[in-house]
Amino acid sequence: MDIRKVAVIGAGTMGQGIAQMLAVKGLDVFLVEKTEEQLDRGYKMISLHLDKEIERWAITNSEKKIILSRIHKISEFKRVSECDLVIETVTEDLDVKKKVFRKLDQVCGKDTILASNTSTLSLTELAEETTKPERVIGMHFIHPVEKIDMVEIIRGLKTSTSTFETVKKFVEEFIQKEPIAVYESPGFVTTRLICTLINEAVHTLVEGVTTAEDIDKAMRIGYDFRYGPLEMADRFGLDSVLYALERLFREFGDIKYRPSTLLRKMVRAGQLGTKTGSGFFRYDEDGDRIK
C-alpha cells in the first residue's frame, strides 16, 4: 500500500509541525480542526514558521507557496475518507482521543491506517473504539517535527504486521526519518526517559544545587543536548510534562515518576512555558528565549 494523501487531525503545535513536514516532503495534507477559527490559527502559524525558514535562507518565497498549497484546511470530518493515512494529534486526553477514533471508524475505509501521535496513552485501548483495531498504530513524532529525524512506531496488541510494515516503509522511504519500533508500554521510550530526566532536573533546582540556567548549560555543553531539560520542558509545555508524569506514576507506581511539587505549582499558576511566554525561562511571542 502506498501512502499519498494524509489527514492530520488537530492543528495545534504538533499538528502544525507534522502537516508542514509532510507538505515539505511533497504530500497532500488535510489539516482538520473543529472550527474555522482554529484551522486558520494553525495555518497561520505554519505560514509564520515558513517565514522564519525564508529568513535563514532555508527556503524561497516560491517554495513556501508550494508547501502551503499542499496543506488543505478541512472542517468537514468525512473528507478524511479520501486519505490513506490519518494521524491524530489532538489533546492528550483519552476520552477526547476515543471520540476521534470512533468518528474516524465511521468515515474511513477498511484500508485506511489510523495513527495516533500520543506520547503516553494506550494504542490498544484506542483501537478498541474501532471495528478494525489491526489498522490502528502509534506514530509518535518529537517536537520540533521538522528537525527530529526519528519517529516511534508503536504496535498495539492487535496492530497487524502489514500495518506496521506499511508505516515503517513510509517513515523510512518517504518522510526519511528513522523508525523506532516499540511495543506498547506507558510512555514508550522517549517520553518515559525524557520526563524522568526533566523531573529530576526540577528536583535539582528545588534543592538549590544550582540555577535553572546552569542546569541546562551543564546538559547542553556536557552531553550535547540541543536544549537543556528545563527549557525542553518549557517547549513541550509544563502541563503536558505534568500529565505524562502523572500517567507514568499511575501506570508503574514507581516513586521516580512522581511529579515535582514545583512543576505542579507552575502549572497551577499558568506558567506553562513557550505557549504562555513564561516557564522556567521567559519567551517572546515567536517562542524564542528572552535572555
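See the structure printed just above.
About the cut-offs
Residues numbered from 1 in each chain as written. Predicted model: local features only at pLDDT ≥ 70, side-chain atom pairs only at ≥ 80, totals over all residues. Heavy atoms only, no water. Helix = DSSP H or I, 4+ residues; strand = E, 2+ residues; numbered from the N terminus. Rg over C-alpha atoms; globule rule 2.2 N^0.38 Å. Buried < 20%, exposed > 50% of the residue type's maximum accessible area, 1.4 Å probe, protein only. Contact = heavy atoms within 4.5 Å. Areas by Shrake-Rupley, 256 points an atom, 1.4 Å probe, with all protein chains shown as cover. Lys, Arg positive; Asp, Glu negative; His and termini not counted. Charge placed at Lys NZ, Arg CZ, Asp CG, Glu CD. Core = buried A, V, L, I, M, F, W, Y, C linked by side-chain atoms within 4.5 Å. Salt bridge = Lys/Arg side-chain N within 4 Å of Asp/Glu carboxyl O. Polar contact = N/O pair within 3.5 Å; in protein donor to acceptor, adjacent residues only side chain to side chain. Pairing = 2+ DSSP bridges. Axes fitted to C-alpha atoms, helices over the stretch in contact; angles between N-to-C directions.

Draft legend 1. Focus on the overall build of the chain. The helix and strand inventory of the chain stands at eleven helices and eight strands. Over its C-alpha trace the chain gives a radius of gyration of 19 Å, about what one expects of a compact globule, namely 19 Å for 291 residues. Overall size of the chain, expressed as C-alpha extent along the three principal axes, is 55 × 50 × 35 Å. Classification of the 291 residues of the chain by burial places 49% in the buried group. Put simply, 66% of the contacts in the chain that link residues at least 6 apart link residues at least 24 apart. Roughly 14300 Å² of accessible area belongs to the chain as shown, and the carbon and sulfur atoms make up 49% of that amount. For the chain, the centre of its 44 positive side-chain charges and the centre of its 47 negative side-chain charges are spaced 1 Å apart.

Draft legend 2. Spotlight on unusual backbone geometry. Cis geometry is found at the peptide bond from His 143 to Pro 144, where omega equals 0°. Along the chain, Pro 144 turns up in the loop between strand 6 (136-141) and strand 7 (150-155). Here the phi dihedral of Trp 57 falls at roughly 65°; this positive angle occurs in a residue that is not glycine. Inspection of the secondary structure assignment puts Trp 57 in the loop between helix 2 (36-55) and helix 3 (61-69). Phi angles above zero are rare outside glycine, and Gln 176 is one such case at about 55°.

Draft legend 3. Region of interest: the nonpolar core. If you look at the biggest cluster of nonpolar residues, it comprises 36 residues, and the most contacted ones within it are Leu 22, Leu 85, Ile 87, Met 139, Phe 141 and Phe 170. Ranked by residues supplied to this core, first place goes to helix 1 (residues 13-24) with six residues. Once residues lying within four places of it in the same chain are set aside, the contact partners of Phe 141 are Met 14, Ile 18, Met 21, Ile 87, Asn 117, Val 151, Ile 175 and Lys 177. In terms of nonpolar packing, the next biggest core, distinct from the first, is built from 24 residues, Ile 194, Val 241, Ala 244 and Leu 245 among them.

Draft legend 4. Quick look at the side chain of Arg 135. Turning to its location among the elements, Arg 135 is positioned in the loop between helix 5 (123-127) and strand 6. Among buried charged residues, Arg 135 stands out as having no salt bridge; its nearest opposite-charge side chain is Asp 111, 4.8 Å away. Polar side-chain contacts of Arg 135 include one of 2.4 Å to the backbone oxygen of Asp 111.

Draft legend 5. Main features of the environment of Phe 164. Counting through the fold element by element, Phe 164 comes out in helix 6 (residues 161-174). Exposure remark for Phe 164: the relative accessible area of 6% places this residue in the buried category. Apart from residues lying up to four places away in sequence, Phe 164 is in contact with Ile 137, Ile 153, Arg 155 and Ala 181.

Draft legend 6. Representation of the pattern of salt bridges in the model. For the coordinates displayed, the defined rule picks out 24 salt bridges. Residues Glu 251 and Arg 247 are paired through a salt bridge, measuring 3.6 Å at the closest nitrogen-oxygen approach. One end of the pair is Glu 251 and the other is Arg 247, both in helix 10 (residues 238-252) and four residues apart, which spans about a single turn. Taking the relative accessible area as the measure of exposure, Glu 251 reaches 44% and is therefore partly exposed. When salt bridges with common partners are traced through the structure, they connect Glu 213, Arg 220, Glu 231, Arg 235 and Arg 289 into a single cluster.

Draft legend 7. Region of the structure containing the sheet that holds strand 7. Read across the sheet, eight strands follow the order 3-2-1-4-5-6-7-8 without closing on themselves; strand pairing throughout is mixed. Edge strands, defined here as strands with exactly one partner in the open sheet, are strand 3 (71-74) and strand 8 (178-183). For this sheet, the mean inter-axis angle between neighbouring strands, taken without regard to orientation, is 25°. Bridging between strand 7 and strand 8 involves six bridges; their strand directions are parallel. Of the residues in strand 8, the one forming a bridge with Met 150 is Glu 178. Packed on one face of the sheet, helix 2 meets strand 2 (28-32) and strand 3 and runs near 165° to strand 3. Of the strands in this sheet, strand 1 (5-9), strand 4 (85-88), strand 5 (113-116) and strand 6 are in contact with helix 4 (residues 94-107), which crosses strand 5 at around 170°.

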